[in-house]
Amino acid sequence: MAKIVVDPLTRIEGHLRIEVEVENGKVSDAHVIGTMYRGIEPMLRGRDPRDATYVTERVCGVCAGSHGWASSLALDQAFGAKVPSGGRLIRNLIIGAMWLHDHPLHFYHLSALDYIDIMAVAQYQGKDPGLLVVKDKIVKLVTAGDTAPLTPRYKPDEFSVNDPELVTMAVAHYIKALEMQAKAKKMSALFAGKQPHQSSIVVGGVTMLPTLETVERFRSMLLEQLEFVEKTYLPDVITFGTGPLLPLAQAGVGGGSLNYLSFGGFARDDEGKDLFLKAGIIMNGDLNNILPVDEAKIMEDVQYSWYKASANGKTPYLSETIPDLDKKDAYTFVKAPRYDGQPMEVGPLARMLVMKPKGLMDLITQYNIKPGAVARHAARAYETLLLAEEMLNWVDALEKEMGSNFRIHDTDHWEAPATGQGAGMTEAPRGSLGHFVKIGDHKIENYQMIVPTTWNFSPRDDKSVLGPLEQALIGVPVPDLDNPLNIVRVVRSYDPCLACAIHLINPVTNDIQKFQIGW
Amino acid sequence: MGNFDLLNAKGVSRRDFMKLVGATIAAFGLPGLFAPQAANAVEQALNKPPVIWLEGMDCTGCTESTIASLNPSAAELILDMISLRYHETIMAGSGNKSEEAYQDALKDKFILVVEGSIPSKEDRYCMVGGKPFRLTLIEAAQKAQAIIAVGSCASEGAGIPGACDTGAVGVSEILKAEGISTPLINLPCCPVKPTTLIGTLIYYLTYQKVPPLDTQNRPLAYYGTLLHDNCPRRGHFENGEYLTDWNDPLQKEYCLILKGCKGPKTYTDCAQVWWNDNANFCINAGSPCSGCSEKDFYQGFSPLYSKQESFKLPGIGHVNADTVGKTIGGAAAVGVGVHLVATAASGRLKKEDHKEDM
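These remarks concern the structure in this document. Being a predicted model, the structure only gives us computed values, none of them experimental.

**Focus: the overall build of chain B**
- When you go through chain B residue by residue, the secondary structure sums to 15 helices and 11 strands.
- A burial count over chain B gives 62% of its 358 residues as buried.

**Concerning unusual backbone geometry**
- Of note, the bond from Thr151(A) into Pro152(A) is cis; its omega dihedral lies within 30 degrees of zero at -5 degrees.
- Backbone torsion omega between Gln195(A) and Pro196(A) reads 0 degrees, so that peptide bond is classified as cis.
- Examined against the element boundaries, Pro196(A) turns out to sit in the loop between helix H6 (164-192) and strand E4 (201-202).
- Positive phi, close to 55 degrees, is recorded for Asp495(A), a residue that is not glycine.
- Along the polypeptide, Asp495(A) turns up in the loop between helix H14 (485-493) and helix H15 (498-501).
- When its relative accessible area of 1% is taken as the criterion, Asp495(A) is described as buried.
- Non-glycine residue Ala158(B) carries a positive phi angle of around 65 degrees.
- Examined against the element boundaries, Ala158(B) turns out to sit in the loop between helix H8 (151-154) and strand E8 (168-169).
- Ala158(B) gets classed as buried once you look at its relative accessible area, which sits at 0%.

**Digging into the interface of chain A and chain B**
- Opposite the 89 residues of chain A that make contact, chain B presents 85 residues.
- Here chain A meets chain B over a buried area of about 7,200 Å², counting both sides, of which 58% is carbon and sulfur.
- For the pair chain A and chain B, the number of links is 4 salt bridges.
- Residue Asp80(B) is joined to Lys137(A) by a salt bridge in which the shortest nitrogen-to-oxygen separation is 2.5 Å.
- Our count for the contact surface shared by chain A and chain B stands at 48 residue pairs in polar contact (both at pLDDT 80 or more).
- Breaking the side of chain A that touches chain B down by element, the ones donating at least two residues are helix H1 (40-44), helix H2 (51-57), helix H4 (85-111), helix H5 (129-143), H6 and H14 of chain A.
- In terms of residues, the side of chain A that touches chain B owes the most to one element, H6(A), which gives 13 residues.
- Counted by class, the side of chain A that touches chain B contains 46 nonpolar, 20 polar and 23 charged residues.

**Some thoughts on the environment of Gly286(B)**
- One can find Gly286(B) in the loop between helix H13 (234-238) and strand E10 (310-312).
- Separated by 189 residues in the primary sequence, Gly286(B) and Lys97(B) have C-alpha atoms spaced 46 Å apart.
- Those residues within four positions of Gly286(B) in sequence are excluded, and the remaining contacts are Thr207(A), Arg233(B), Trp246(B) and Leu256(B).

**Comments concerning the side chain of His109(A)**
Residue and element names in this part refer to chain A.
- Assignment of secondary structure puts His109 in helix H4.
- The class for His109 is buried, based on a relative accessible area of 6%.
- Here the side chain of His109 touches Tyr174 through a polar contact of 2.8 Å, landing on its backbone oxygen.
- Residues within four places of His109 in sequence aside, it is in contact with Arg11, Pro104, Tyr174, Ala177, Leu178 and Gln181.

**Thoughts on the packing of helix H7 (residues 212-242) of chain A against helix H11 (residues 373-401) of chain A**
Residue and element names in this part refer to chain A.
- As a packed pair, H7 and H11 sit with axes 9 Å apart at the nearest point and diverge in direction by 160 degrees. As summarised for this structure, H7 and H11 are arranged roughly antiparallel, according to the angle between their axes. The handedness of the crossing between H7 and H11 comes out as left-handed.
- Looking at the contact of H7 with H11 residue by residue, the classes come out as 20 nonpolar, 3 polar and 7 charged.

Each value, and the rule that gives it
Residues numbered from 1 in each chain as written. Chains lettered and ligands numbered in written order. Predicted model: local features only at pLDDT ≥ 70, side-chain atom pairs only at ≥ 80, totals over all residues. Heavy atoms only, no water. Helix = DSSP H or I, 4+ residues; strand = E, 2+ residues; numbered from the N terminus. Buried < 20%, exposed > 50% of the residue type's maximum accessible area, 1.4 Å probe, protein only. Contact = heavy atoms within 4.5 Å. Buried area = accessible area lost by both parts, 1.4 Å probe. Salt bridge = Lys/Arg side-chain N within 4 Å of Asp/Glu carboxyl O. Polar contact = N/O pair within 3.5 Å; in protein donor to acceptor, adjacent residues only side chain to side chain. Nonpolar A, V, L, I, M, F, W, Y, C, P; charged D, E, K, R; others polar. Axes fitted to C-alpha atoms, helices over the stretch in contact; angles between N-to-C directions. Parallel < 35°, antiparallel > 145°, perpendicular 65-115°, else oblique. Left-handed = near helix turned anticlockwise from the far one by under 90°.

In structure tokens:
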């Protein structure tokens, strides 16, 4: 038996340490360890509730917008604010644009280097002028002896794509996608002020009253994004996933628990009843039985997290979070949320399995693809296409709203109420996201977030059931202990965000738990 | 020469690049640098300097902001302008491979970029590679030729983490505590503005010295002017026209001071150089400035959406902002137009017409 430690696990958001044990070439045990804590929620207590959208926005600069949005949804409820259609649509477009930045960035810039042997570019023999420039570039870097940040790296393995044509195309698209992610942020900023860390989403709606010209500018940038997703991103993922990576896809490497959770998100009506991304629960991979989400079934355990055991119970509203950095057996800053006692995977694969879009399901059936690392990439790419197409509808709807009585904000509910509480449950690129606020004396009494990577990267619970990623790592082949490529492939396929996951604890007080169930 | 091949791939000639650098420098008013000599000097100097980019208690927003640059593009930045030897979010290697890259880079004459704050109360709040981030930072800071702290978290005051109970501090506090004298440039803002970072890099590499800085170690070129003095809404401020309803097209361009704008306290070039390839900036989007470029951000500027406790209004000297707010609130209740009352508050009506104690 051999032990492998990967720390820092790079090309993710945040600081992550992975420890695995390998027996007979396969992972036999895994520990997923979050190693950073900031303490943002307890800091919010006692403040003007309106600050929460701005402050929590800054929990994460990669899924930028997501926390500000979830926070505004929680505050809207607590303030009794009714966001006008214009405000809802502009929020959707601000966030949607950031997803268009986020998903391709994850594939090309955070993940692709695990799947290609980038040095194969030097062998490119084709005549495409664009690809020849890429080849020339890489050759020059090699000649100059300075290939950072593309090296050093793990040695390419049996699954690494080394076809010069394919790799050169992938590198060209890596560069193209860098431009597209910047343009997507620019597009979001048209309504958002700036990106990352928009300022436009506030309780009650948004602050940016757009002109028709701005909306049309947004539309034309959206069409460029849509074309990129349709003609480059999704085809690349399909080419790789059904081509050189098909063995990984069919083996379901990194499959995990087969339990999936989606809160749903992106309201298509002002009541929030019709959601673009659907809510649902899948247990044990039973896709024919999509269950409704029941908030009361969410519990958080801290047996293996750096906190003292809770005296008040395990619902996220009641459980205690008294830190204990020296606690025996604890190994992470991430808590262990469970749904109905089970670890749950959240994210694009969960959402797409809940929604079962025909195009993706046909692909999965045709190629006999199993849930796992490759399936996650496919679900993410397919979801991007669905979203980009849906965003065009939102642009149309927004323009229809822009008549004489165009409203973007509920100004009557701008001041904080004396008391109130609200839950903002939605979807972030990485999965289900919940913000919960309680207001007393016009101030924040408690603030709580349950974020995607907390679900995916949770540690063991008190029944010693492993978290979703830990389960997904078990059985992953590691033929070469010095080059654990499959491990980082599986970890990155979840698109981890540790800054989101581990800001939750409060090392000084235990006041987060004062929420009551049922609101 | 020859570093900027990707520009050619995009159909941009070297001459275009020179124009771009020259324009960038001219726009930022960097002293003593003018195109076209500037572009030549820059290209000579930009011999792909090694860069180590460390992330502490961060959100990766400054990295995201940096790669949001379209001119130069992110690819040009990462592959052409600098040799990015260590950056956890971008680099190929993990674990021992990334450690190897870090150790190799330490041997070179590198520039250190720091994103995120550092916990001063408890090292275990931020561990990277099994080691306290604070110690890694100290090691790299001692060996770097210069340090650029990007974003509010790494700058003096530590931004939002600075308000939390981890004892989060910026790089300057660590350097002071450890007696490290490596030159430090702070580039606060939440996140760092890419134009500011790229311009600072260009200046430093061209002159091999830090640009003129203010007392918070910020380059005067970017942090030398008060936002309020350059605000496109300044005229409305002078007229006493304050936005109270985001839905009202008539108020769309009005001053945001009653929404909590910290522009009168904030030194930044946001009004002149917008974000995301000049797409927008907070105030143009109707959002009050939060003061994120100041060391008092966030703790000193909260609550963000309430009127400043005290600020100067034209014509009436020092005014308590609550008074203005109450006046406007009360006026709205009796149906008097916002503009009229705001005008009264600004002192353009006779003082005896305005009953509040100024």
